[in-house]
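Summary of the model geometry
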Amino acid sequence: MAAPATPALAMVTGASSGIGKSFAEVLASRGTDLVLVARSRERLEELATTLRERHGRSVDVLVADLEKPEELALVEQRLHEDARIDLLINNAGYGFAGSFAELPLERSLGQIGCNITALTRLTHAALSTMKPSRRGGIMNIASTAAFLPTPYFSVYAATKSYVVTFSLALSEEIKAHGVTITVVCPGFTRTEFQSRADYDASAMPGFVWQSAEDVVKESLAAYGAGQTLCVPGLPNRVTTALTGLLPKSLLVSLIGRFTQPPKG
Ligand SMILES: NC(=O)c1ccc[n+]([C@@H]2O[C@H](COP(=O)([O-])OP(=O)(O)OC[C@H]3O[C@@H](n4cnc5c(N)ncnc54)[C@H](OP(=O)(O)O)[C@@H]3O)[C@@H](O)[C@H]2O)c1
């Protein structure tokens, strides 16, 4: 089943920077109106102004911290009430590098709140209008870390495993109702992700990195083709396929040789 080639109105979470911002830019350039969600009002307003001027699209800004139940509820409400939204991109997400036992528990619970709880609640809210109208789709942004139990990034990798498993199972449930679910697993992408995560990726060779725009274009092509799982970038597809052949216990000890506790 193919999703609509040009969505009429897309909600993008985490649209203030990186991959989410790039989704907003590419979609607006293709004629899609937008609802942009994140915490940074100034960044969202600036992006909205640029996209209105450059592409003549209608762009709404919804400032919300998706980890705060009352603010998340406002975003859910918009999805319940606005049946024109025919694409939801659950992109907001982050990780923290560090030893699970030593990081403040709130940092781990925050990742679960944003990467899992908010994504699940917003998916449910979007389906309340998409399923009865038999139109639209949802793109959930996971990570190649979903396939790699990663020491010192354990909670983040686990949240992304949830996103993949949930999305694939849901796509099977919902496909007979005319709604498309696509889960995207980017690898190393040049955004603010690594600095926010306190994760030093400087040793990673240049060929593994993608731009946010390349990730977005591959993701939208996969979504348009009705693909349920998209791993953007050939190096990421090869690594994911090869690591998938290894027993999990061997895989985690191999990854453990390359991951280090952060200094300091
Ligand atoms: N970059 C990579 O290497 C990479 C690899 C694999 C997967 N990913 C995934 O790609 C997605 C986008 O990340 P990115 O690389 O574009 O990183 P980014 O540049 O740091 O962007 C993250 C976005 O999420 C928003 N966000 C974070 N916490 C939020 C919260 N509590 N409530 C609302 N919005 C929140 C941020 O906005 P505010 O700060 O304004 O709220 C920002 O717009 C994430 O799900 C990430 O896990 C990234």
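Residues numbered from 1 in each chain as written. Predicted model: local features only at pLDDT ≥ 70, side-chain atom pairs only at ≥ 80, totals over all residues. Heavy atoms only, no water.

**Thoughts on the environment of Ala158**
By the element assignment, Ala158 lies in helix α5 (residues 154-174). Classification of Ala158 by relative accessible area gives partly exposed; the value is 44%. Considering only alpha carbons, one finds Ala158 and Val252, 94 residues apart in sequence, at a separation of 13 Å. (Helix = DSSP H or I, 4+ residues; strand = E, 2+ residues; numbered from the N terminus. Buried < 20%, exposed > 50% of the residue type's maximum accessible area, 1.4 Å probe, protein only.)

**Some points on the sheet that holds strand β4 (residues 85-90)**
Two modes of strand pairing occur in sheets, parallel and antiparallel, and in both the strands are linked by backbone hydrogen bonds. Ordered by their spatial adjacency, seven strands build an open sheet running β3-β2-β1-β4-β5-β6-β9, and the pairing between neighbours is parallel. For this open sheet the edge positions go to β3 (59-63) and β9 (229-230), each flanked by a neighbour on one side alone. Against the sheet, α5 contacts β5 (137-141), β6 (180-184) and β9, and its axis sits at roughly 160° relative to β6. (Pairing = 2+ DSSP bridges. Contact = heavy atoms within 4.5 Å. Axes fitted to C-alpha atoms, helices over the stretch in contact; angles between N-to-C directions.)

**Brief notes about the state of the cysteines**
Here, the word disulfide means a covalent bond between the sulfur atoms of two cysteines. One pass over the structure, following the stated rule, counts zero disulfides. Lacking any disulfide linkage, Cys185 is separated from the closest cysteine sulfur, that of Cys230, by 8.0 Å. Residue classification places Cys185 among the buried positions, given a relative accessible area of 0%. Cys230 gets classed as buried once you look at its relative accessible area, which sits at 4%. (Disulfide = S-S within 2.5 Å.)

**Section: the pairing of β6**
Residues in a regular strand project their side chains so that they alternate between the two faces of the sheet. Counting buried residues along β6, five of its five residues qualify, which places the element largely inside the surrounding structure. Relative to β6, β5 runs parallel, the two sharing five bridges. Note that in β6 the partner of Ile141 across the bridge is Val184. Each parallel crossover has a hand, and for β5 linked through α5 to β6 it is right-handed. Bridge count between β6 and β9: two bridges; the pairing is parallel. Looking at β9, one finds that Val183 is bridged to Leu229. (Right-handed = clockwise from strand over helix to strand, strands pointing away.)

**Section: unusual backbone geometry**
Excluding glycine, residues mostly carry a negative phi; peptide bonds, for their part, are mostly trans. Located in the positive-phi region is Arg134, a residue other than glycine, with phi close to 55°. With respect to the element layout, Arg134 can be found in the loop between α4 (105-133) and β5. Even without a glycine there, the phi angle at Tyr152 is positive, about 70°. Following the sequence through the fold, Tyr152 ends up in the loop between β5 and α5.

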